[in-house]
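Read off the chains here:
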Amino acid sequence: MSKIEDTHRHKGLRKKLVDGLRERGITDESVLSAINTIPRHFFLDTALDNIAYEDRAFEIESGQTISQPYTVAYQTQLLNVKANDKILEIGTGSGYQASVLAAMDAIVYTIERQKVLFKNTEKFILKGKYPTVKFFFGDGFEGLPTYAPFDKVIITCAAPVVPPKLIEQLKPGGIMVLPLNEEDAQRMVRITKNQDGDISEEHFDKFSFVPMLSGKSR
Ligand code: SAH
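Rules and cut-offs
Residues numbered from 1 in each chain as written. Predicted model: local features only at pLDDT ≥ 70, side-chain atom pairs only at ≥ 80, totals over all residues. Heavy atoms only, no water. Helix = DSSP H or I, 4+ residues; strand = E, 2+ residues; numbered from the N terminus. Contact = heavy atoms within 4.5 Å. 1 Å grid on protein atoms, 1.4 Å probe; cavity = no way out; pocket = protein on both sides within 12 Å on 5 of 7 lines; lining within 4 Å. Points joined across faces, edges and corners; volume = space filled by probe spheres on them. Nonpolar A, V, L, I, M, F, W, Y, C, P; charged D, E, K, R; others polar. Expected span 1.5 Å × (residues − 1). Buried < 20%, exposed > 50% of the residue type's maximum accessible area, 1.4 Å probe, protein only. Arc of directions from axis to C-beta. Near = heavy atom within 4 Å. Polar contact = N/O pair within 3.5 Å; in protein donor to acceptor, adjacent residues only side chain to side chain. Areas by Shrake-Rupley, 256 points an atom, 1.4 Å probe, with all protein chains shown as cover. Sits in = over half its atoms within 2 Å of the grid points. Core = buried A, V, L, I, M, F, W, Y, C linked by side-chain atoms within 4.5 Å. Pairing = 2+ DSSP bridges. Axes fitted to C-alpha atoms, helices over the stretch in contact; angles between N-to-C directions.

Draft legend 1. A look at the environment of Leu-213. The residue Leu-213 is located in the segment after strand E9 (199–207) in this model. Taking the C-alpha atoms as reference, Leu-213 lies 31 Å from Gly-128; in sequence the two are 85 residues apart. Ignoring sequence-local partners within four residues, the contact set of Leu-213 consists of Arg-113, Asp-139 and Phe-141.

Draft legend 2. Geometry of the layout of surface pockets. Taken as a whole, the largest pocket encloses approximately 590 Å³ of empty space. Taken together, 20 residues make up the lining of the largest pocket; nearest its centre are Phe-42, Phe-43, Leu-44, Asn-120 and Lys-123. Taken together, the residues of the lining of the largest pocket sort by class into 10 nonpolar, 6 polar and 4 charged. Thr-65, Ser-67, Thr-156, Cys-157 and Val-210 are the residues nearest the centre of the second largest pocket, which is lined by 35 residues in total. Mapped by element, the contributors of at least two residues to the lining of the second largest pocket are strand E2 (65–66), helix H3 (69–79), strand E3 (86–90), helix H4 (96–103) and strand E4 (107–112). For the lining of the second largest pocket, the leading source of residues is H3, giving 4 residues.

Draft legend 3. The arrangement of helix H1 (residues 8–23) in detail. Across its 16 residues, H1 extends 23 Å between first and last C-alpha, which sits within 8% of the 22 Å expected from 1.5 Å per residue. Residues of H1 that are buried include every one of His-10, Arg-14, Leu-17, Val-18 and Leu-21, and no others. Considered in projection along H1, the buried side chains sweep an arc of 100° and stay on one side of the axis. Those residues of H1 that are exposed and aimed more than 90 degrees away from the buried face are His-8, Lys-16 and Glu-23. Next to the buried residues of H1 lie helix H2 (29–37) and H3. One or two residues past the end of H1 sits Gly-25, with phi positive at roughly 110°.

Draft legend 4. View of the site of the ligand. Around the ligand, 27 residues are found, and the nearest of them are Glu-89, Ser-94, Glu-112, Gly-140 and Leu-213. Note that a nitrogen atom of the ligand is positioned 3.4 Å from one of the backbone N or O atoms of Arg-113. For the ligand, a nitrogen atom lies 3.1 Å from a polar atom in the side chain of Thr-156. Out of a free accessible area of 580 Å², the ligand has 99% covered by protein chains. Under a 2 Å grid-point criterion requiring more than half of the atoms, the pocket assigned to the ligand is the second largest pocket. Of all the elements in the fold, those that place two or more residues in the shell around the ligand are E2, E3, H4 and E4.

Draft legend 5. Region of the structure containing the nonpolar core. Counting residues in each nonpolar core, the largest one holds 47 residues, and the members touching the most others are Leu-21, Ile-26, Ile-35, Phe-43, Leu-79, Tyr-96 and Leu-101. For this core, the secondary-structure elements that each account for two or more residues are H1, H2, H3, H4, helix H5 (115–120) and strand E7 (170–182). Excluding anything up to four places from it in sequence, Leu-21 contacts Ile-26, Leu-32, Ile-35, Asp-55, Pro-69, Tyr-70 and Ala-73. Membership of the second largest hydrophobic core comes to 21 residues, among which are Leu-166, Met-176, Ile-191 and Met-212.

Draft legend 6. Region of interest: the sheet that holds strand E8 (residues 185–193). Ordered by their spatial adjacency, 7 strands build an open sheet running E5-E4-E3-E6-E7-E8-E9, and the pairing between neighbours is mixed. Pairing within the sheet leaves two strands with one partner each, and these edge strands are strand E5 (134–137) and E9. Direction aside, neighbouring strands of the sheet carry axes that sit 15° apart on average. Note that E3 and strand E6 (residues 150–155) share 4 bridges and pair parallel. Within E6, the position partnered with Ile-90 by the bridge is Ile-155.

Structure (structure tokens):
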């Protein structure tokens, strides 16, 4: 495998991407700084090297996608990430979102249901840099009861409902951000679990995600 480098050119393109996100209304500097830190081209086929920093989603394997940087930034901003937050991500995909969270000093547990994508994380290029990211092969609807509770939960595929087990696995005071199905697209929803266990819901913009599916693939 050829060595992937993070060149001066990549860094320049990344900075431009971050400027664009700021212009589009992303204000959390810790999110912008994490996106400026993570080399997105490491998560894409080398053929896409020249366009890796365009603000768009790309296909990865198994018919899945690496989310658009704006979407990653938007969702991460809503999650209000603090250093040492224990975060559960549903839908590892390329591992890009997990890396952005790790760059914000979160402890990340991420689940993927596609075997091929999970296998790819074995050669996860930032493993040395972010050893705190833990990868799991499984069904996100089940969460990770063994490791619960979590400070935050982020779902990166279109959820048909708010998964009840993930609410259970959220700490009191915890936050979940998910794209919830609404007609032909998804509404970004933030759920806060109050100290007494009650749930409150806030609604944000519409996005388009690949579906959250039950069970695991082979
Ligand atoms: N966060 C990813 C985005 C990947 S797209 C990234 O940064 O690249 C969403 C991913 O969710 C897909 O890889 C899909 O296979 C996965 N997915 C869908 N349903 C799932 C489920 N029930 N459990 C775990 N992963 C799921």
